[in-house]
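# Observations on the model geometry
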Amino acid sequence: MRALVISGGGSKGAFAGGVAQFLIQDLGKQYDLFVGTSTGSLLVSHLALSKIEEIKKLYTSVNQSSIFRNCPFIIKKKRGYNTININHFNVLKNLIKGRKSFGDSRNLRDLIKKSFSKEYFKRLQNGNIDVVVTVTNLSANEVEYKSIKECMYEDFLDWIWISCNYPPFMSLVRKNNCDYVDGGLGSMVPIEEAIKRGATEIDVIILETEVNYINRMPTKNPFSLITNMVNFMMDQIEKQNIRIGKFKASQKEVTMDLYYTPTILTTNSLIFDNEKMTKWWSKGYEFAEQKHTSNRL
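What this report covers is the structure whose coordinates are included nearby. All of these numbers come straight from a predicted model, not from anything done at the bench.

### Examining the overall build of the protein chain
Counting secondary structure elements, the protein chain contains 11 helices and 10 strands. Oriented by its inertia axes, the alpha-carbon framework of the protein chain measures out at about 50 × 45 × 35 Å. Within the protein chain, the proportion of its 297 residues that are buried is 53%. In the structure as shown, the protein chain presents an accessible area of about 14500 Å², 50% of it carried by carbon and sulfur atoms.

### What about the packing of aromatic side chains?
Summed over the entire model, instances satisfying the criterion amount to 12 aromatic pairs. Connected via pairs of aromatic rings, a cluster forms that spans F116, Y120, F121, Y153 and F156. It is K146 that lies over the ring of W159; its NZ or CZ is 4.3 Å from the centre. Sitting over the ring of W159, K175 keeps its end group 5.4 Å from the ring centre.

### Focus: helix 10 (residues 222-252)
In a regular helix each residue adds 1.5 Å, so 31 residues correspond to 45 Å; helix 10 covers 45 Å between its end C-alpha atoms and thus fits that length. Looking one or two residues beyond helix 10, the residue adopting positive phi is E253, at roughly 60°.

### With respect to the packing of helix 2 (residues 39-48) against helix 8 (residues 153-163)
Relative orientation of the contacting elements helix 2 and helix 8 amounts to 140°, with a least axis distance of 6 Å. Between helix 2 and helix 8, the angle falls in the class oblique. On helix 8, the residues that touch S41, L42 and S45 of helix 2 are F156, I160 and S163. Grouping the constituent residues of the contact of helix 2 with helix 8 by class yields 3 nonpolar, 3 polar and no charged.

### So, a positive patch on the surface
A contiguous patch of positive charge, built from K77, K276, K279 and K283, is present on the exposed surface. Among the elements that line the positive patch, the one with the most residues is helix 11 (residues 274-296), at 3 residues. The topology assignment puts K276 in helix 11.

### Regarding the side chain of T39
Within the secondary structure layout, T39 lies in helix 2. Judged by relative accessible area, T39 falls into the buried class, the value being 3%. Separated by 2.6 Å, the side chains of T39 and Y59 make a polar contact. Residues in contact with T39, not counting those within four places in the same chain, are S7, G8, G9, G10, G13, Y59, C164 and L207.

### Side note on empty space enclosed by the protein
Scanning all chains against the criterion turns up 1 cavity of 30 Å³ or more. By volume, the largest cavity amounts to about 60 Å³. Lining the largest cavity, in full, are S41, L42, S45, H46, L58, I112, S115, F116 and I160. Of all the secondary structure elements, the ones that give two or more residues to the lining of the largest cavity are helix 2 and helix 6 (106-115). Among the elements that line the lining of the largest cavity, the one with the most residues is helix 2, at 4 residues. Among the residues forming the lining of the largest cavity, the class breakdown is 5 nonpolar, 4 polar and no charged.

### A look at the nonpolar core
Core analysis: the biggest nonpolar cluster contains 89 residues, and L4, L47, L108, F116, F156, I202 and I205 have the highest contact counts within it. Among the elements that make up this core, the one with the highest residue count is helix 1 (residues 13-26) (8 residues). Once residues within four sequence positions are removed from consideration, L108 is found in contact with L42, S66, I67, W161, C164 and M170.

### Observations concerning the side chain of T209
When you line up the elements, T209 lands in the loop between strand 9 (201-206) and helix 10. Beyond its immediate stretch of four places on either side in the chain, T209 contacts Y260, T261, P262, T263 and I264.

### Concerning the pattern of salt bridges
The final tally for this structure, using the stated rule, is 17 salt bridges. One salt bridge in this structure joins E154 and R109, with 2.8 Å as the shortest N-O distance. Of this pair, E154 sits in helix 8 while R109 is found in helix 6, placing the two residues 45 residues apart along the sequence. Classification of E154 as partly exposed rests on a relative accessible area of 34%. Classification of R109 by relative accessible area gives buried; the value is 12%. A salt bridge links D257 to K291; its shortest N-O distance comes to 3.7 Å. In this pair, D257 is assigned in strand 10 (residues 255-260) and K291 in helix 11, connecting sequence segments 34 residues apart. For D257, a relative accessible area of 23% puts it in the partly exposed group.

Rules and cut-offs
- Residues numbered from 1 in each chain as written.
- Predicted model: local features only at pLDDT ≥ 70, side-chain atom pairs only at ≥ 80, totals over all residues.
- Heavy atoms only, no water.
- Helix = DSSP H or I, 4+ residues; strand = E, 2+ residues; numbered from the N terminus.
- Buried < 20%, exposed > 50% of the residue type's maximum accessible area, 1.4 Å probe, protein only.
- Areas by Shrake-Rupley, 256 points an atom, 1.4 Å probe, with all protein chains shown as cover.
- Phe/Tyr/Trp six-rings, centres within 6.5 Å; stacked < 30°, edge-to-face > 60°.
- Lys NZ or Arg CZ within 6 Å of the ring centre and 35° of its normal.
- Expected span 1.5 Å × (residues − 1).
- Axes fitted to C-alpha atoms, helices over the stretch in contact; angles between N-to-C directions.
- Parallel < 35°, antiparallel > 145°, perpendicular 65-115°, else oblique.
- Contact = heavy atoms within 4.5 Å.
- Nonpolar A, V, L, I, M, F, W, Y, C, P; charged D, E, K, R; others polar.
- Patch = residues over 30% accessible without salt bridge, like charges linked within 9 Å, V, L, I, M, F, W, Y side chains within 5 Å.
- Salt bridge = Lys/Arg side-chain N within 4 Å of Asp/Glu carboxyl O.
- Lys, Arg positive; Asp, Glu negative; His and termini not counted.
- Charge placed at Lys NZ, Arg CZ, Asp CG, Glu CD.
- Polar contact = N/O pair within 3.5 Å; in protein donor to acceptor, adjacent residues only side chain to side chain.
- 1 Å grid on protein atoms, 1.4 Å probe; cavity = no way out; pocket = protein on both sides within 12 Å on 5 of 7 lines; lining within 4 Å.
- Points joined across faces, edges and corners; volume = space filled by probe spheres on them.
- Core = buried A, V, L, I, M, F, W, Y, C linked by side-chain atoms within 4.5 Å.

Rendered as structure tokens:
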């Protein structure tokens, strides 16, 4: 069984889309299983249907308002770089409304429904390909994997959305009497799950560099402190997932090919800049092509 696994990474998902485009369109790889976390969950359904141009259009046209109904931060450009400051008014407004997070990402839920139709859902559910998204159940203190084969349409849309809800800046979702957030909080790179589901050949797209090249800027306010803390925790989870995935792959004699980003794309993946994301998609495609060419030599 051949599987494609795509990690979390917010806006960097555009790079993963470019890599996947080369693997599916140019190399003609046919996957039996797609497993995604966070931004990976947004990609996998369209990739399973080979609707690559559709998902590319989505990833290269979104902006902050496509994701947030109430955005908790303000983005400013300073000397060519984006800086983020807390939007005190929007955060206060969200808290006054009784919401449990700083921001409201329900626009993303609407976008998912608009881009992934019931017809697409039925085609996948009735087909031979399985699509699995990762979510974190805070109430049960565990990671859950939701297969399209086991869900109703609206529920599956919810799981995709929940998988992308980066805490505490995006919506906390109450579903089935439990609190759910981004799957990356528990399983950033779900290699182990793909192996558990029977994968014997896995391509893994990891939206981080293989070696750490970054030292974070000094903390300026409580908002940046929380951002840095969450990013640090997810980085550690990602490294642990990869170590466990490699160990399980060696135990089960699973063939695995890893696609890391060759350079740092962004230091804040919650900034959705369609111009940059268009470039990242092209970079992902070119990187996969170069990697394939070098492997053949």
